[in-house]
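Listed below, chain by chain, are the residues.
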There are 2 protein chains.
Amino acid sequence: MQKTNLLRDRDGWETIASETHFQSPHLSVATDEVRTPSQSQARKWSIVHRKPAVVIAPLTREGKFVLIREERIPIRAAIWSFPAGQIDETLEPDEAAVQEVARRELREETGYELAAGAELVSLGYFFTSPGFTDELCHFFLARPVQESAGGAAHDETEAILDCREFSADVLRAMITEGEIRDSNTLGIWARMVACGEIFP
Amino acid sequence: MQKTNLLRDRDGWETIASETHFQSPHLSVATDEVRTPSQSQARKWSIVHRKPAVVIAPLTREGKFVLIREERIPIRAAIWSFPAGQIDETLEPDEAAVQEVARRELREETGYELAAGAELVSLGYFFTSPGFTDELCHFFLARPVQESAGGAAHDETEAILDCREFSADVLRAMITEGEIRDSNTLGIWARMVACGEIFP
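Residues numbered from 1 in each chain as written. Chains lettered and ligands numbered in written order. Predicted model: local features only at pLDDT ≥ 70, side-chain atom pairs only at ≥ 80, totals over all residues.

**Observations regarding the overall build of chain A**
Then step 1. Scanning chain A from N- to C-terminus turns up three helices and ten strands.
Then step 2. Mapped in sequence order, the helices and strands of chain A form the string β-β-β-β-β-β-β-α-β-β-β-α-α.
Then step 3. Expected size for 200 residues packed as a compact globule is a radius of gyration near 16 Å; at 18 Å, chain A falls within 12% of this value.
Then step 4. In terms of overall dimensions, chain A has C-alpha extents of about 55 × 40 × 35 Å along its principal axes.
Then step 5. Long-range contacts, defined here as pairs at least 24 residues apart, represent 63% of the contacts in chain A between residues at least 6 apart. (Helix = DSSP H or I, 4+ residues; strand = E, 2+ residues; numbered from the N terminus. Rg over C-alpha atoms; globule rule 2.2 N^0.38 Å. Contact = placed C-beta atoms within 7 Å.)

Here's what the structure looks like:
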């Protein structure tokens, strides 16, 4: 798995060596030997490479957020979260390509789509766990969304059990109570609140 | 790497097989074959196992948050974030053991410590990327903190470049502008805001 432009060596970073230990369609694991801007001595580090992804906060005209409840095998639990998905198409997606993935994941995972005149507001990106993986997710607020005629079209590898609308107050209570406990949903919620998009 | 109690099979989850592909002191990669509550057909999934971790939001008596700026090799960048660290001690840490790790990481990474009469407020936990890893982090608000006589004691594998105090308003602006872009800091900020600990 190659790196996107956001993750290339620059400004004093230099990759001296990289040994790949494992590779699958979903992730690859390598030990990189890297010289960093602050230290003359290169360091070795285990890194899990992942494709970049998108997270979408879909908001209806009535001010409700659309979340899905999905079985997540690595944590042996089904949890509520915003829809999300990986960018499979290309290593160097432009803004339009990333937005197209966001529209597709919204439609496939929730059965909702952007309403006429809706906007897909970019809220930047974040790293899910930069101590060990280069995985990054782009944030989008989709506003307003509406149920599409076609309904959801779940990927066969996914197990989405439910899809519902929640008010901003209920979503906040789910965060308080720990029912929302994935980085995607907490992360985009933080960005939306900080930007004044909700609870201004 | 074995699972903590938070991640054991229960309530209809059943691990049928698990094949380990790679193992290091920092992570292990396996393909698990798992039967989930919703589907009769077992599914195979690539999973990266990681130790649980702690994230600490240190707040001074003057209402400033203490953040560190650290080089993160997987993303080839130095970013501002709250102090954090892995729980190495035991697979089944009790609350006291997890809190002790939080105190240690606070002291080592920032040079701050809990002041007399301070509290370490548990704000639950979150999963950094539950689509591919079981990594989970416990959230703690440390309030109030003060600079310790001994100063910071950085682990030799870490490259912490700076440590500074930021007001809640400046931290919020850093989130808005995308300068804060790691799941730990966004996640605990979301939990603190939802709980009314900041911007009540």
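**A few points about the sheet that holds strand E2 (residues 28–35) of chain A**
All names here are of chain A.
Then step 1. The sheet built from three strands is open, its strands ordered E1-E2-E3 with antiparallel pairing. In the strand order of this sheet, the two ends are held by strand E1 (14–23) and strand E3 (43–49), each with one partner. Strand-to-strand twist across the sheet, computed as the mean angle between neighbouring axes with direction ignored, equals 25°.
Then step 2. Note: E1 against E2, eight bridges, orientation antiparallel. (Pairing = 2+ DSSP bridges. Axes fitted to C-alpha atoms, helices over the stretch in contact; angles between N-to-C directions.)

**Quick notes on the interface of chain B and chain A**
Then step 1. Each partner contributes to the interface: chain B provides 56 residues, whereas chain A provides 56 residues.
Then step 2. Elements with a contribution of two residues or more to the side of chain B that touches chain A: strand E1 (14–23), strand E2 (28–35), strand E3 (43–49), strand E5 (64–72), strand E8 (112–127), helix H2 (168–176) and helix H3 (183–194) of chain B.
Then step 3. Among the elements that take part in the side of chain B that touches chain A, H3 of chain B stands out by supplying eight residues, more than any other.
Then step 4. In the side of chain B that touches chain A, the residues fall into 27 nonpolar, 16 polar and 13 charged. (Nonpolar A, V, L, I, M, F, W, Y, C, P; charged D, E, K, R; others polar.)

**Some thoughts on the sheet that holds E2 of chain B**
Residue and element names in this part refer to chain B.
Then step 1. Reading across the sheet, the three strands line up as E1-E2-E3 and stay open at both edges, with antiparallel pairing between neighbours. The open sheet has two edge strands with one neighbour each: E1 and E3. The sheet shows a mean angle of 25° between the axes of neighbouring strands, direction not considered.

**Quick look at the domain arrangement of chain A**
Then step 1. For chain A, the domain assignment lists domain 1 (5–49) and domain 2 (53–194).
Then step 2. Residues of the side of domain 1 of chain A that touches domain 2 of chain A, tallied by class, amount to four nonpolar, three polar and no charged. (Domains from an automatic or database assignment.)

**Some details on the relation of the copies chain B and chain A**
One copy of the chain maps onto the other through a rotation about an axis plus a displacement along that axis.
Then step 1. After a rotation of 180° and a shift along the axis of 0.0 Å, chain B superposes on chain A with an RMSD of 0.0 Å. These values place the two chain copies in the arrangement generated by a two-fold rotation axis. Among all residues of chain B, the minimum C-alpha distance to the rotation axis is found for Ala190 of chain B, at 2.4 Å.
Then step 2. When you check the interface residues of chain B against chain A, 100% turn up at the interface there too, and the contact is symmetric in its surfaces. (Least-squares fit on C-alpha atoms with pLDDT ≥ 70 in both.)

**Describing H3 of chain B**
Residues and elements named next belong to chain B.
Then step 1. Compared with an ideal rise of 1.5 Å per residue, which puts twelve residues at 16 Å, H3 spans 16 Å between its outermost C-alpha atoms and is within 8% of the ideal.
Then step 2. Within the span of H3, buried status applies to Ser183, Asn184, Thr185, Leu186, Gly187, Ile188, Trp189, Ala190, Arg191, Met192, Val193 and Ala194.
Then step 3. Positive backbone phi, at 80°, marks Gly196, one or two positions downstream of H3. (Expected span 1.5 Å × (residues − 1). Buried ≥ 20, exposed ≤ 12 C-beta atoms within 10 Å, placed from the backbone.)

**Here we look at the pairing of strand E6 (residues 77–81) of chain B**
Residue and element names in this part refer to chain B.
Then step 1. As paired strands, E5 and E6 are joined by five bridges and run antiparallel to one another. Residue pairing in the sheet places Ile68 in a bridge with Ser81 of E6.
Then step 2. Counting the residues that bridge the hairpin from E5 to E6 gives four residues, and of these Arg76 lies at a positive phi of roughly 55°.

**A short note on the nonpolar core**
Then step 1. Counting 82 residues, the largest nonpolar core has Val54 and Ile56 of chain A together with Val54 and Ile56 of chain B as the members making the most contacts within it.
Then step 2. Once residues lying within four places of it in the same chain are set aside, the contact partners of Ile56 of chain A are Phe82, Pro83, Ala84, Ala102, Glu105, Leu106, Phe140 and Ala142 of chain A. (Core = buried A, V, L, I, M, F, W, Y, C linked by C-beta atoms within 7 Å.)

**As for the packing of helix H2 (residues 168–176) of chain A against H3 of chain B**
Then step 1. Relative orientation of the contacting elements H2 of chain A and H3 of chain B amounts to 115°, with a least axis distance of 8 Å. On the basis of their axis angle, the class for H2 of chain A and H3 of chain B is roughly perpendicular. In the crossing of H2 of chain A with H3 of chain B, the sense of the turn from one axis to the other is left-handed. Contacts between H2 of chain A and H3 of chain B involve Arg172, Ile175 and Thr176 of chain A on the former and, on the latter, Ala190, Arg191 and Ala194 of chain B.
Then step 2. Across the contact of H2 of chain A with H3 of chain B, the residue classes break down as three nonpolar, one polar and two charged. (Parallel < 35°, antiparallel > 145°, perpendicular 65-115°, else oblique. Left-handed = near helix turned anticlockwise from the far one by under 90°.)

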